[in-house]
Every structure is written in C-alpha cells, then in structure tokens.
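Secondary and tertiary structure notes
For reference, the chains in residue letters:
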Amino acid sequence: MALVSGPGRGEGIPDSELHSSKHVTYIKNLDTRKDELEYWLTEHLRLNGVYWGLTALHILGCPDTLPRDQTIDFVLSCQSDNGGFGAAPGHDAHMLYTVSAVQILITIDAVDELEKRGRGGKEKVGSFIANLQNADGSFMGDQWGETDTRFLYGALNALSLLRLMDLVDVPKAVAHIQSCENLDGAYGIRPGAESHAGQVFTCIGALAIAGRLDLVNKDRLGAWLSERQIESGGFNGRPEKLADACYSWWVGSSLAMIDRLHWIDGEKLAAFVLQCQDPDAGGFADRPGNMVDVYHTHFSLAGLSLLKFNGLEEIDAINSCMPKAITAKCLAG
Amino acid sequence: MAVPLRADDCDSMVAEHEYTIETLKKISELLSSNPEYYTAWNYRRQVLQYQFSQAEGSDDDAAAHSITELIMNDLHFLIPLLRSFPKCYWIWNYRLWLLDEARRLLPLPEAQQIWQQELALVGKMLTLDSRNFHGWGYRRFVVETLKELGTAEEARSMTQKEFEYAKKMIGANLSNFSAWHYRTKLIQSLLDEQSASDDDRRRMLDDELSLIHQAFIDPYDQSLWFYHQNLMCVFDPSMAERTMAPNLSSSDRLQYIRNEIEEIQEMLDGAEDCKYIYQALIECTLLASKVEGSLSSEDRDQILGWLSELKKLDPLRRERWLDFEKTL
C-alpha cells in the first residue's frame, strides 16, 4: 500500500453523494503504482498505509478487497527481532508502526500468526511496547527517546487490543496525560505544550482505554472541541487555523468519547468532508482542491462513519479507530 | 544527479559496522532527498556515536574539540532540511538528540554555547511559521535545558527574556494563540522563580487583564478569547490553584469578575453579532455564581437573554447551547 498522493484532487464543489466504489478502486490501486517516484518516498509510512487502506475498505463495506495472506506476509516482514515493527521491511521498529501492525492483525483476525510465523507471539510485541514506557508514565517512540502523547495512546491502544494492558503502569500513564492538560480543558503533545486536537484525541483515547474519562472536564473540553468547527463546516486543529478533513476524526471521535458529538453541526461537517473527495478517481484530500491521499481518505471516511453517514460500516470511536464489529468481538468477554 | 531513494547502500554499510565518513555521506544524501526515512536517522546516530567514542580516546581537550566539530557539522547539515521540511518530526527529533549528546559529552561551557545558538535558530523558524508547533515545542526544550545548565539567576533572566519574546510574537500577530499559550506558561514560571508575593501576582494579573482588554479591539479573534478564558481561571475556585494568582479571596474574585462582565458588556456596542462576547458574559456570570455559591434569578435571566442571542448567532453549536439551557 503506497501513500502516493493524487492522482486526483478533492473536487471542492458541493456534493451530497459519497462515491464509494471510486474510493474502493482508489485504495485497491494504490499498490500498483510502484513505478512512481513518490511510492519510494513514502516507504516510511507503508505499514500505516496498509492500516489506513484496510480500515477504509472495511468502513466502505468491502473488507475482503485486500488479499489476506499477502497482507499477513507483509506485516510480518516488517517485524524486528525485538518484537516491534518498522514501516517497511528493513526499517527500524517504532511504536507508530507497531500499533498499525497490531490493528491490521486484529482486523484480519491473524494475531495467532505472530506465534506461528512471527518473531515470537503477541507477548513479544507487548514487551517491545512496554519497554518504551518511561518512569514518569509517558512513552517513547523508540529507543532514541522522543516522547509524545501519540506514543502513549498507541501503546495503550495496541496493548488493550492484545489484552496485555498489565504489562505497563496504567496509573502512571494516566497521571502523565493529566500533566498535559491545559486551562482550556484540552491537551498538548507534552506537559507545557499548546492544546492541539490531534493530541486531544490521543489523550482522551488513552483515558477512555484506561477507563478514566471521569478525569476529563467534559464541558470545558467539549466547548474547546466544538469551537474547532469553522464556517466552512470543517474542523481545524487549533484556534485560528485552517480546516482539514482528518480532524473530522480527531475532533469528532474525541467529542464522541465525552458524549458531546451532537455539539457540532454534523451535516455541515459531512458536507465539508464530501467536498474533499475526488468523485472521479476516488480518494480524499485534506481540504477542497488539494491532492488526495490514503491518510485523508481513511480519516475522512472514519469521520463520516462517526456521523452515521448512510451506507458506511460503523467505526469504533472509543477503543481504536477500527470497525466496531471487530473491536467488539476482540474486546468482548 | 541520481537521487538515492533506497537505503540499500546505507543498510549494508551500517550492518557491516562501517561507521565511516563515507557512510555518513551516503546517509546525508539519502536524508536530503527524503528526510522522512526515519531508519536512516537512526543509522546516522549510530555512526555519530561511533565517531564520538573514537574521539573520546584522545586527551580531554582534543576529544572535546573533535566532538564539538562533529556536532557542529551535523547541526549545520540539518538547517537546510529544517527549512525545507519544517513539519518533519524526525529532523527536529534528531537535532534534539544531537544536542543531548553535546550535553552528555562536552564540558559545560561548550555544551551551553551549542544550546544557546539554538534559540536563534528556532527564533528564525518561528518567524517563518509562527504557529509551527514543532518549533514551539523545540523552543521549550531548548529553554528548559539552558535553565538546567545555567545558574538560578541565569534561569530567571532566561524566563524574563522568553516572556519578552512571547510579547514580541503576540505584538506581531494578535491571533497567534501559540504565543498566548506560551505567555500563560511563562507568567507562571516567572512568578514562581521570583517567589512572587500575592501582591506581585495580583499586579501581574492586573497587567494581563488590561493587556487583553486592549487587544480586544478585534473581538472576533478566537485566540484572544481563549487567553481571556485562561485568565478567568484565576477566579475559578476549582482551577485557581493552577493559575498565576491562586490565593485571591472570594470577595476579590467576585469584584474582578463583576468588573470583567462590565468591560465585556461595553464591547457589545458595535459588535452585537460577536458570539464570543455572549459566551464570555455567560461564562463570567456562571463563574460569579460559583464563587457566590448560587445563581441569582437576575443573573439567570441575563444568561437566558445572552443564550437566546447565541442560539441565533451560533447555529453550528446549537445543540451545545440547548444542552446548556437545560442545566439552568
């Protein structure tokens, strides 16, 4: 799965229709574009790309579009001896790709392949993740030390899907998230950092997984999040910034997690997102008129699913950005 | 010129532990064409660490000299990349690693000098994009480290300088919430580092209130209202502890809030369609009731009046206002 952008552009004119079959074709063809320069320039995101494409196809109701065996082969080919996963074969293991690998394997019900063909079973993956927790509860992306609430969320997300939460210190992780909360009720990338909608998603998502949403000032955060919707109908990520289709997920799911998704205008949001699609060649862009890519395609569709857009499979807003039917099964009992 | 897209050469050189200048050059070529190739940044770290360890074999002065040179060269290599790819996490992240190596390996004065130069660089980056959150995050790291490396006196003067910097950035663009946010954090540090008295804190609060009132010349700017909201937390009994003036008495808090309500009401004149004004009036009135322990029927009526304006002016968030109405 490549992350090659284009060929199309978000149309930018009002469109009430979701061009589902075009989006399916767009995603299906992504991996046939290996002759393009950009295919190689996006190798660092390949495993994420598979997760985005696969999940988008599930949302579109075409879960079997990608060949399952090849998908498993590719995922396992990205695993390192330490149990973690890199972006592509030969790349170093990192939290971001390890989380994508877990999400993909859960989605296609192939976690047991880790035991059969991978470099150790799921415990090995879990220990890679757990070893990245710092003494203050935060998580590093890899051995080189960058910390970010994205990695903390990723860790809890993957470990909860693998049912290995007891490998890490959850109360400390929760305390770290609290230290990232600002007076506006929202959260930043690290303590002291400005509130950012993407980071809010990671912090609220982690608290949801930890069962500690009681710590959130829901009205205050809900107010901040709802102010992300601007006149165009789209969401921005911070005050006085441009709207971007991917925030329909980051902001929308955060609102859903605190039971305040109705605080924004869903119809206007959907209308904005639909303007970001290419109705001919498929795919979504960050905003109308820009080049489409698989990242924005996935998060636009996830956002639309959150809004219960007609014809889309239901996405799980709380446990992981995955089809609800799958997380419900995985986390049941 | 052939652009190296794959790391094949680098892969094998690193796998063979060929941590040479030649390998570094290959890695540089790869990263210059694709700085998102994160594994190559890790290769670079391995090569550098090897070269540092080689340098450490010589006497102290010579070692410090060689390591400084290696680090300075590498910092220099990164600058055009940062300029071309200012939102690439890996570059910022690698640069911080390099600076941490300087701190770990070099005598204090040399390390301090290297870190000090970073302030100028990040200043330039933030001039190019004043909302780049990588840049702001980086700036916080640099400042925190310089404070740790310096004396308490130097740390205080550093905070003061940063306060001036945030002021300058706000002056250049009042909508820059990143700078307003930084200001909120700096005020806290400034007061704490000075062991400020409650009177000092109150003076700071008064200055901030008068500043934001002046800034409200454009009441349609959301950034200003979020800063105002930050300031109002001072008067919120449940949040005051986290603010610049945590120890105000209830009667002082009330006095301040009532003044705010008056100030904001005056802003309505000519800006009757500005939703932020009604939101702030409601928030302040609710805050007053929180301090007083109950909402008077007079205040309640006022709130209902503002709320009906909001429902008209802010249809996007209509459900939020309806939810709020139910709580009254």
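As annotated in an unreviewed UniProt entry, chain B carries the name Geranylgeranyl transferase type-2 subunit alpha and comes from Penicillium rubens. The Catalytic activity (unreviewed entry) comment attached to chain B in UniProt states, word for word, "geranylgeranyl diphosphate + L-cysteinyl-[protein] = S-geranylgeranyl-L-cysteinyl-[protein] + diphosphate".

Under the annotation held in an unreviewed UniProt entry, chain A carries the name Geranylgeranyl transferase type-2 subunit beta and is attributed to Penicillium rubens. Chain A has a UniProt comment under Sequence similarities (unreviewed entry) that states "Belongs to the protein prenyltransferase subunit beta family." Under Catalytic activity (unreviewed entry), UniProt gives the following word-for-word description of chain A: "geranylgeranyl diphosphate + L-cysteinyl-[protein] = S-geranylgeranyl-L-cysteinyl-[protein] + diphosphate".

So, about the overall build of chain B. Regarding its fold elements, chain B presents 15 helices and zero strands. Rg of the C-alpha trace for chain B: 26 Å, well past the compact-globule value of 20 Å for 328 residues, more than 25% over. Split into buried and exposed, the 328 residues of chain B put 52% on the buried side. Intrachain contacts of chain B at a sequence separation of at least 6 include 63% that bridge at least 24 residues. When the accessible surface of chain B is summed, it comes to about 15000 Å², and 50% of that surface belongs to carbon and sulfur atoms. Here chain B contributes 36 positively and 55 negatively charged side chains, and the mean placements of these two sets differ by 3 Å.

Within a pair of aromatic rings, the relevant descriptors are the distance that separates the centres and the angle that separates the planes. Residue and element names in this part refer to chain A. Taken as a whole and assessed by the stated rule, the structure comprises 20 aromatic pairs over all chains. With 5.0 Å between their ring centres and 65° between their planes, Y153 and F201 make a pair best called edge-to-face. You can see Y153 sitting in helix α8 (residues 149–162) and its partner F201 sitting in helix α10 (residues 197–210), a full 48 residues away along the chain. Side by side, Y153 and F201 carry an identical accessibility label, which is buried. Among the aromatic residues, ring-to-ring pairing joins W52, Y153, F201, W249, W250, Y295 and F299 into one connected group. Here the guanidinium or amino end of R228 rests over the ring plane of W224, the centre of that ring lying 4.5 Å away. Sitting over the face of the ring of W263, R260 holds its NZ or CZ atom 5.2 Å from the ring centroid.

A few words now on the confidence of the model for chain B. Chain-level statistics for chain B give a pLDDT mean of 94 and a share of 98% at 70 or above. Quick note on the complex model: pTM equals 0.95, ipTM equals 0.94.

Let's shift gears to the side chain of D299 of chain B. Residue placement: D299 of chain B occurs in helix α14 (residues 297–313). Every residue in contact with D299 of chain B, bar those within four places of it in the chain, is listed here: R258, T285 and E292 of chain B.

Let us look at the packing of helix α12 (residues 247–257) of chain A against helix α14 (residues 294–306) of chain A. Residues and elements named next belong to chain A. Between α12 and α14, the shortest axis-to-axis distance is 8 Å and the interhelical angle comes to 30°. Relative to α14, the element α12 lies roughly parallel. Regarding α12 and α14, the two cross each other, and that crossing is left-handed. Of the residues in α14, those in contact with S248, W249, W250, G252, S253 and A256 of α12 are Y295, F299, S300, A302, G303 and L306. Its residues assigned to classes, the contact of α12 with α14 comprises seven nonpolar, five polar and no charged.

Taken together, the contact pairs 46 residues of chain B with 45 residues of chain A. Summed over both sides, the interface of chain B with chain A buries roughly 4300 Å², with 53% coming from carbon and sulfur. Inspection of the chain B/chain A interface yields four salt bridges. Note that E227 of chain A and R317 of chain B form a salt bridge whose closest N and O atoms lie 3.9 Å from each other. Remark: the boundary between chain B and chain A carries 29 residue pairs in polar contact (both at pLDDT 80 or more). Elements with a minimum of two residues in the side of chain B that touches chain A: α3 (38–55), α5 (89–105), α7 (133–149), α9 (177–193), α11 (222–232), α13 (275–292) and α15 (318–327) of chain B. Counting residues per element, the side of chain B that touches chain A draws most heavily on α3 of chain B, at seven residues. A per-class count over the side of chain B that touches chain A returns 16 nonpolar, 17 polar and 13 charged.

With that settled, consider the state of the cysteines. All names here are of chain B. Applying the stated criterion across every chain, the model contains zero disulfides over all chains. In this structure C233 is not part of a disulfide, and its nearest cysteine sulfur, from C284, lies 11 Å away. On the accessibility criterion, C233 (1% relative accessible area) is buried.

Residues and elements named next belong to chain A. Following both chains from N to C, one finds α10 and α12 inclined at 35°, their axes separated by 9 Å at the closest point. Crossing hand, α10 versus α12: left-handed. Taken together, the residues of α12 that come into contact with α10 (itself represented by A197, G198, V200, F201, I204, G205 and A208) are Y247, W249, W250, V251, S253, S254 and M257.

Here we take up the side chain of N132 of chain B. Residues and elements named next belong to chain B. Looking at the secondary structure, you find N132 in the loop between α6 (108–128) and α7. Residue N132 is classed as buried on the basis of its relative accessible area of 5%. Discounting residues that sit within four places of it in the chain, N132 has contacts with P86, W92 and L126.

The rules behind the values
Residues numbered from 1 in each chain as written. Chains lettered and ligands numbered in written order. Predicted model: local features only at pLDDT ≥ 70, side-chain atom pairs only at ≥ 80, totals over all residues. Heavy atoms only, no water. UniProt positions renumbered as here; feature names shortened; annotations may be inferred. Helix = DSSP H or I, 4+ residues; strand = E, 2+ residues; numbered from the N terminus. Rg over C-alpha atoms; globule rule 2.2 N^0.38 Å. Buried < 20%, exposed > 50% of the residue type's maximum accessible area, 1.4 Å probe, protein only. Contact = heavy atoms within 4.5 Å. Areas by Shrake-Rupley, 256 points an atom, 1.4 Å probe, with all protein chains shown as cover. Lys, Arg positive; Asp, Glu negative; His and termini not counted. Charge placed at Lys NZ, Arg CZ, Asp CG, Glu CD. Phe/Tyr/Trp six-rings, centres within 6.5 Å; stacked < 30°, edge-to-face > 60°. Lys NZ or Arg CZ within 6 Å of the ring centre and 35° of its normal. pLDDT = per-residue confidence, 0-100. Axes fitted to C-alpha atoms, helices over the stretch in contact; angles between N-to-C directions. Parallel < 35°, antiparallel > 145°, perpendicular 65-115°, else oblique. Left-handed = near helix turned anticlockwise from the far one by under 90°. Nonpolar A, V, L, I, M, F, W, Y, C, P; charged D, E, K, R; others polar. Buried area = accessible area lost by both parts, 1.4 Å probe. Salt bridge = Lys/Arg side-chain N within 4 Å of Asp/Glu carboxyl O. Polar contact = N/O pair within 3.5 Å; in protein donor to acceptor, adjacent residues only side chain to side chain. Disulfide = S-S within 2.5 Å.

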